[in-house]
Amino acid sequence: MTKKRILILASGRGSNMESILKAIDQGQIAGEAVGVISSNPDAPAIEKCCQHNIPYSVVDRKSFSTKADFQKALLVTVQGFRPDLICLAGFMHILGSEFIGKYRNRIINIHPSLLPSFPGLNAQEQALQYGVRFSGCTVHFVDEGMDTGPIILQAVVPVHSDDDAQSLAARILVEEHRIYPEAVRLFCLDQLKIIGRRVIIDQGGKVNG
Ligand code: GRF
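Quick caveat: nothing in here was measured; it's all calculated off a predicted structure.

1. Re the overall build of the protein chain
Link 1 in the chain: Scanning the protein chain from N- to C-terminus turns up 6 helices and 10 strands.
Link 2 in the chain: Over its C-alpha trace the protein chain gives a radius of gyration of 17 Å, about what one expects of a compact globule, namely 17 Å for 209 residues.
Link 3 in the chain: In terms of overall dimensions, the protein chain has C-alpha extents of about 45 × 45 × 35 Å along its principal axes.
Link 4 in the chain: In the protein chain, which comprises 209 residues, the share counted as buried stands at 48%.
Link 5 in the chain: A total accessible area of about 10200 Å² is found for the protein chain, and carbon and sulfur atoms account for 52% of it.

Written as structure tokens, this is what we have:
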């Protein structure tokens, strides 16, 4: 099986990006990281990808006056990397429908809640405000909706009565760093089959999920 070409889009801290790069470095993923695109020239993610010797491009949202122009430039830059898989890792922009159509079922995202609960921004704060006893994280395929695509993996964490958004986010992040590389690993082995809204994990005759 040829190695999948993995492209990571990140706008900020880049800890999920790093968890994927580490798993690739350790040979856990049948893929190669071909590049990182950041929408923010000051993102700490850029320094982290340099430490892993991964080429990066910046498509700075601030240098485009319209969302459409930004999306166009982003798509052109993405196509230059010829990715098989695009991982959104703290990428703070909603992808346009042309982009999603071109890479359908090849874009995945991590979200810090148990979807479909608490999509969008500040998911940990939303969970606290709602008063749920458990929250977690979700890796999902990206479709045109806001955090609505087919779910690949989820992990659950408890919400403690003395939690604030930071402490809950930290507990969830530990799980993010575990399940995101695992979802990438499964994708690169062609073990994820999408049937309607469900993602079946097909491990050569042995079916999970
Ligand atoms: C993570 O909590 C992720 O779930 C969300 O944005 C945050 C990004 O963190 N989509 P990092 O940049 O990966 O450290």
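This is not the end of the story, as more comes after the structure.
2. Some details on the site of the ligand
Link 1 in the chain: Taken together, the neighbourhood of the ligand is formed by Arg13, Gly14, Ser15, Asn16, Gly90, Ile110, His111, Pro112 and Glu176.
Link 2 in the chain: Taking Arg13, its side chain carries an N or O atom lying 2.6 Å from an oxygen atom of the ligand.
Link 3 in the chain: Measuring from an oxygen atom of the ligand, one finds a side-chain N or O atom of Glu176 at 2.7 Å.
Link 4 in the chain: Protein burial of the ligand: of its 360 Å² of free accessible surface, 85% is covered by the chains.
Link 5 in the chain: Here the shell around the ligand is composed, by residue class, of 2 nonpolar, 5 polar and 2 charged.
Link 6 in the chain: The residue makeup of the shell around the ligand includes at least three contributed by each of domain 1 (1-103) and domain 2 (109-209).

3. Some points on the packing of aromatic side chains
Link 1 in the chain: Within this structure, the stated rule accounts for 4 aromatic pairs.
Link 2 in the chain: Between Phe64 and Phe70, the aromatic rings sit 6.1 Å apart at their centres with planes inclined by 55°, giving tilted as the arrangement.
Link 3 in the chain: For Phe64, a relative accessible area of 23% puts it in the partly exposed group.
Link 4 in the chain: According to the relative accessible area criterion, Phe70 is buried, its value standing at 0%.
Link 5 in the chain: Judged by centre distance (6.5 Å) and plane angle (55°), the rings of Phe141 and Phe187 are tilted.

4. Comments concerning the environment of Tyr103
Link 1 in the chain: Position of Tyr103 relative to the elements: it lies in the loop between helix H4 (97-102) and strand E5 (107-111).
Link 2 in the chain: A relative accessible area of 8% means that Tyr103 is categorised as buried.
Link 3 in the chain: Sequence spacing of Tyr103 and Asp143 is 40 residues, and the spatial spacing of their C-alpha atoms is 9.8 Å.
Link 4 in the chain: Not counting residues up to four positions away in its chain, the partners in contact with Tyr103 are Leu75, Val78, Gln79, Pro83 and Ile86.

5. What about the pattern of salt bridges?
Opposite charge on two side chains makes pairing possible when the charged atoms of those side chains draw close.
Link 1 in the chain: According to the stated counting rule, one finds 7 salt bridges in the structure shown.
Link 2 in the chain: Here Asp190 ties to Lys4 by a salt bridge, and the two come within 3.1 Å at their closest N and O atoms. Here the residue Asp190 occupies a position in the loop between helix H6 (165-188) and strand E8 (192-195), and Lys4 occupies one in strand E1 (residues 4-10), the gap between them amounting to 186 residues.

6. Things to note about the domain arrangement of the protein chain
Many analyses report the size of an interface as the accessible area lost when the parts associate.
Link 1 in the chain: Assigned domains within the protein chain: domain 1 (1-103) and domain 2 (109-209).
Link 2 in the chain: On a C-alpha basis, the centres of domain 1 and domain 2 stand 19 Å from each other.
Link 3 in the chain: Facing the 22 residues of domain 1 at the interface are 18 residues of domain 2.
Link 4 in the chain: Here domain 1 and domain 2 share an interface that buries about 1700 Å² over both sides, 71% of which is from carbon and sulfur atoms.
Link 5 in the chain: The largest contributions to the domain 1 side of the interface with domain 2 come from Asn16, Leu88 and Ile100, which together make up 29% of the buried area.
Link 6 in the chain: Viewed at the interface, domain 2 and domain 1 are joined by 1 salt bridge.
Link 7 in the chain: Secondary-structure elements contributing two or more residues to the side of domain 1 that touches domain 2 are E1, helix H1 (15-25), strand E4 (85-88) and H4.
Link 8 in the chain: For the side of domain 1 that touches domain 2, the element with the most residues is H1, which contributes 5 residues.
Link 9 in the chain: Here the side of domain 1 that touches domain 2 is built from residues that sort into 13 nonpolar, 6 polar and 3 charged.

The rules we used
Residues numbered from 1 in each chain as written. Predicted model: local features only at pLDDT ≥ 70, side-chain atom pairs only at ≥ 80, totals over all residues. Heavy atoms only, no water. Helix = DSSP H or I, 4+ residues; strand = E, 2+ residues; numbered from the N terminus. Rg over C-alpha atoms; globule rule 2.2 N^0.38 Å. Buried < 20%, exposed > 50% of the residue type's maximum accessible area, 1.4 Å probe, protein only. Areas by Shrake-Rupley, 256 points an atom, 1.4 Å probe, with all protein chains shown as cover. Near = heavy atom within 4 Å. Polar contact = N/O pair within 3.5 Å; in protein donor to acceptor, adjacent residues only side chain to side chain. Nonpolar A, V, L, I, M, F, W, Y, C, P; charged D, E, K, R; others polar. Domains from an automatic or database assignment. Phe/Tyr/Trp six-rings, centres within 6.5 Å; stacked < 30°, edge-to-face > 60°. Contact = heavy atoms within 4.5 Å. Salt bridge = Lys/Arg side-chain N within 4 Å of Asp/Glu carboxyl O. Buried area = accessible area lost by both parts, 1.4 Å probe.

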